[in-house]
Amino acid sequence: MSTKNYLSGYSSHVQQQVQALIASEKSAQWLLNKYPVAHGLGGASGLYDYALEIKNTFMRSSPPISKVIYDDKIHVINNALGLHTYVSRMQGNKLKAKNEIRIASLFRQVPEPLLRMILVHELAHLKEKAHDKAFYKLCCYMEPDYHQLEFDLRLYLSHRDHFGELWL
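How each quantity is defined
Residues numbered from 1 in each chain as written. Predicted model: local features only at pLDDT ≥ 70, side-chain atom pairs only at ≥ 80, totals over all residues. Heavy atoms only, no water. Patch = residues over 30% accessible without salt bridge, like charges linked within 9 Å, V, L, I, M, F, W, Y side chains within 5 Å. Areas by Shrake-Rupley, 256 points an atom, 1.4 Å probe, with all protein chains shown as cover. Salt bridge = Lys/Arg side-chain N within 4 Å of Asp/Glu carboxyl O. Lys, Arg positive; Asp, Glu negative; His and termini not counted. Charge placed at Lys NZ, Arg CZ, Asp CG, Glu CD. Helix = DSSP H or I, 4+ residues; strand = E, 2+ residues; numbered from the N terminus. Axes fitted to C-alpha atoms, helices over the stretch in contact; angles between N-to-C directions. Parallel < 35°, antiparallel > 145°, perpendicular 65-115°, else oblique. Left-handed = near helix turned anticlockwise from the far one by under 90°. Contact = heavy atoms within 4.5 Å. Nonpolar A, V, L, I, M, F, W, Y, C, P; charged D, E, K, R; others polar. Core = buried A, V, L, I, M, F, W, Y, C linked by side-chain atoms within 4.5 Å. Buried < 20%, exposed > 50% of the residue type's maximum accessible area, 1.4 Å probe, protein only. Phe/Tyr/Trp six-rings, centres within 6.5 Å; stacked < 30°, edge-to-face > 60°. Polar contact = N/O pair within 3.5 Å; in protein donor to acceptor, adjacent residues only side chain to side chain.

### What about a positive patch on the surface?
Judged by side-chain charge, Lys67, Lys94, Lys96 and Lys98 come together as a positively charged surface patch. Tallying contributions element by element places strand β3 (residues 94-104) first for the positive patch, with three residues.

Laid out in structure tokens, this is it:
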């Protein structure tokens with residue numbers, strides 16, 4: 001898979017730099033120097049609690065989240081790192097709505113800042129549905145290094161395609 005799949009929104013100069021880093025087999029060392037260990041939130045309850053802590057810190061008035069889980073069915077190939085879903089169900093004669101966040105299972109073994117970036121992105125969808133200026137402003141409010149973390153995650157995904165998992 002090409003580096004451009006994950007970095008298509010970046011300039012050709014940046015894409016070339018990433019390709020050179022991968023070709024020289026230095027991407028692993030660069031990533032490990034910056035992010036030495038994976039997070040310890042392998043289970044659904046820990047992931048939910050972590051997401052709820054972020055939400056309650058920055059978005060108290062937003063709708064509640066009912067579920068935050070790792071999902072084996074989400075494939076990064078389809079440009080999805082995680083999904084925010086809005087599930088409506090009839091209970092008696094009332095319509096109940098629930099917000100759920102699903103994170104691709106491959107992120108069980110990434111460093112905490114990268115997982116946080118994905119959760120911040122999905123939590124921002126509680127208030128802002130479109131990927132517009134207001135959405136990214138909210139992401140940066142919750143995580144000031146949002147854009148750098150997103151780039152680093154995309155670099156990791158490119159590395160992973162060429163060399164496999166990094167944090168086991």
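### Some points on the packing of helix α4 (residues 44-58) against helix α5 (residues 112-124)
Interaxial distance between α4 and α5 falls to 10 Å at its minimum, and their mutual angle equals 60°. In terms of orientation, α4 lies oblique with respect to α5. The way α4 lies across α5 gives a crossing that is right-handed. Each of Leu47, Tyr50, Ala51, Ile54, Lys55 and Phe58 in α4 lies in contact with α5, whose residues at this interface are Glu112, Leu115, Arg116, Leu119, Val120 and Leu123. Per-class residue counts for the contact of α4 with α5 are nine nonpolar, no polar and three charged.

### Details of the nonpolar core
Core analysis: the biggest nonpolar cluster contains 44 residues, and Ile103, Phe107, Leu119 and Tyr156 have the highest contact counts within it. If one sorts the elements of this core by residue count, α5 sits on top with eight residues.

### Side note on the packing of aromatic side chains
Under the criterion given, the structure shown has five aromatic pairs. Residues Tyr136 and Tyr146 carry aromatic rings whose centres are separated by 6.1 Å and whose planes lie at 50° to one another, so their mutual orientation is tilted. Here Tyr136 is found in helix α6 (residues 133-142), whereas its partner Tyr146 is found in helix α7 (residues 146-163), with 10 residues between them in sequence. Assessed through its relative accessible area of 0%, Tyr146 is described here as buried. Taken together, the ring pairs connect Phe135, Tyr136 and Tyr146 into an aromatic cluster.

### Considerations on the environment of Cys139
If you trace the backbone, Cys139 turns up in helix α6. Residues Cys139 and His121, 18 residues apart in the sequence, show an inter-C-alpha distance of 6.1 Å. Residue contacts for Cys139: discarding those within four places in its chain leaves Val120, His121, Ala124 and Tyr146.

### Some words on the side chain of His125
By secondary structure assignment, the location of His125 is in the loop between α5 and α6. A polar contact of 3.2 Å, which involves the side chain of His125, links it to the side chain of His131.

### With respect to the pattern of salt bridges
One pass over the full model with this rule turns up six salt bridges. Among the salt bridges present, the one from Glu100 reaches Arg102, with a minimum N-O distance of 3.0 Å. Notably, a salt bridge pairs Glu143 with Arg116, separated by 2.8 Å at the nearest N-O pair. Taken together, the residues Glu143 in the loop between α6 and α7 and Arg116 in helix α5 connect sequence positions 27 residues apart.

### Details of the environment of Ser45
Here Ser45 is to be found in helix α4. Sequence separation between Ser45 and Val68 is 23 residues; the distance between their C-alpha atoms is 8.1 Å.

### What about the packing of helix α2 (residues 12-23) against α7?
Contact geometry for α2 and α7: axes closest at 11 Å, N-to-C directions at 45°. Comparing the axis directions of α2 and α7 gives the class oblique. The two elements α2 and α7 cross, and the hand of that crossing is right-handed. Contact residues: α2 offers Val14, Val18, Leu21 and Ile22, while α7 offers Phe151, Leu155, Ser158, His159, His162 and Phe163.

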